[in-house]
Amino acid sequence: MEIERKFLLNSLPENLNDYPFHQIEQSYLCTEPVIRIRRQDEAYYLTYKSKGLMVREEYNLPLTKEAYEHLLPKADSILISKKRYLIPLYSRLTIELDIFEGELSPLILAEVEFPTEEEANAFTPPEWFGEDVTYSIKYHNSVLSQKKDKKEN
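As the structure is a prediction and not an experimental result, all values here were calculated from the model.

Draft legend 1. Examining the packing of aromatic side chains more closely. The tally for this structure, following the rule as stated, stands at eight aromatic pairs. Geometrically, the ring pair formed by Phe-7 and Phe-123 is tilted, given 6.0 Å between the ring centres and 55 degrees between the ring planes. A residue pair is termed long-range when its members are at least 10 positions apart, and Phe-7 in strand E1 (residues 2-9) and Phe-123 in the loop between helix H2 (117-122) and strand E10 (129-132) qualify at 116 residues. With relative accessibility at 1%, the residue Phe-7 sits in the buried group. A residue is classified by how much of its surface remains accessible, and Phe-123, at 9% relative accessible area, is buried. Here the aromatic cluster, defined as three or more aromatic residues joined through ring pairs, consists of Phe-7, Tyr-90, Phe-114, Phe-123, Trp-128 and Phe-129. Over the face of the ring belonging to Phe-21 we find Lys-83, whose NZ or CZ atom lies 4.4 Å from the ring centre.

See below:
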């Protein structure tokens, strides 16, 4: 189960480069249901996500590099590239700050995952967070990945 809130940002933290990050690329084989392939640094995954906004079922299965490369041309979406910074927040939460590259640049989103819905609903974001877009489907990566189709129409 994935329970997360998602935000646009008012500003970036000044010491962003002090935090660890992952280089991510991902694409979608299907958007209903969501079936995604992802390379995160040198690890590869196939992910299924159910419908939902703040709360969704999510299953990650490991892939080999060869399987990822075989599936990549079969994707029906743009390839999303982003740098994900991991910023500790409070005692046990982490901000996943995504800086999108390529076609989705200059989009920047922050996500925070929670152990329970109650904690997610009670969350007070840091001042540098902007608009809460948790309930806006247009900021789901699966929807953002369809940007290619919108350009062609």
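What follows picks up the thread again.
Draft legend 2. Focus on the pairing of E1. In terms of burial, E1 is largely enclosed, as eight of its eight residues are buried. As paired strands, E1 and strand E5 (residues 55-56) are joined by two bridges and run antiparallel to one another. Bridge pairing in E5 links Ile-3 to Val-55. In this sheet, strand E9 (residues 108-113) lies alongside E1 in antiparallel orientation, the contact comprising four bridges. Following the sheet pairing, Glu-4 is matched in E9 by Glu-113. Bridge count between E1 and E10: two bridges; the pairing is antiparallel. Of the residues in E10, the one forming a bridge with Leu-9 is Phe-129.

Criteria and thresholds
- Residues numbered from 1 in each chain as written.
- Predicted model: local features only at pLDDT ≥ 70, side-chain atom pairs only at ≥ 80, totals over all residues.
- Heavy atoms only, no water.
- Phe/Tyr/Trp six-rings, centres within 6.5 Å; stacked < 30°, edge-to-face > 60°.
- Helix = DSSP H or I, 4+ residues; strand = E, 2+ residues; numbered from the N terminus.
- Buried < 20%, exposed > 50% of the residue type's maximum accessible area, 1.4 Å probe, protein only.
- Lys NZ or Arg CZ within 6 Å of the ring centre and 35° of its normal.
- Pairing = 2+ DSSP bridges.

Scope: geometric values only; no functional claims are made or implied.
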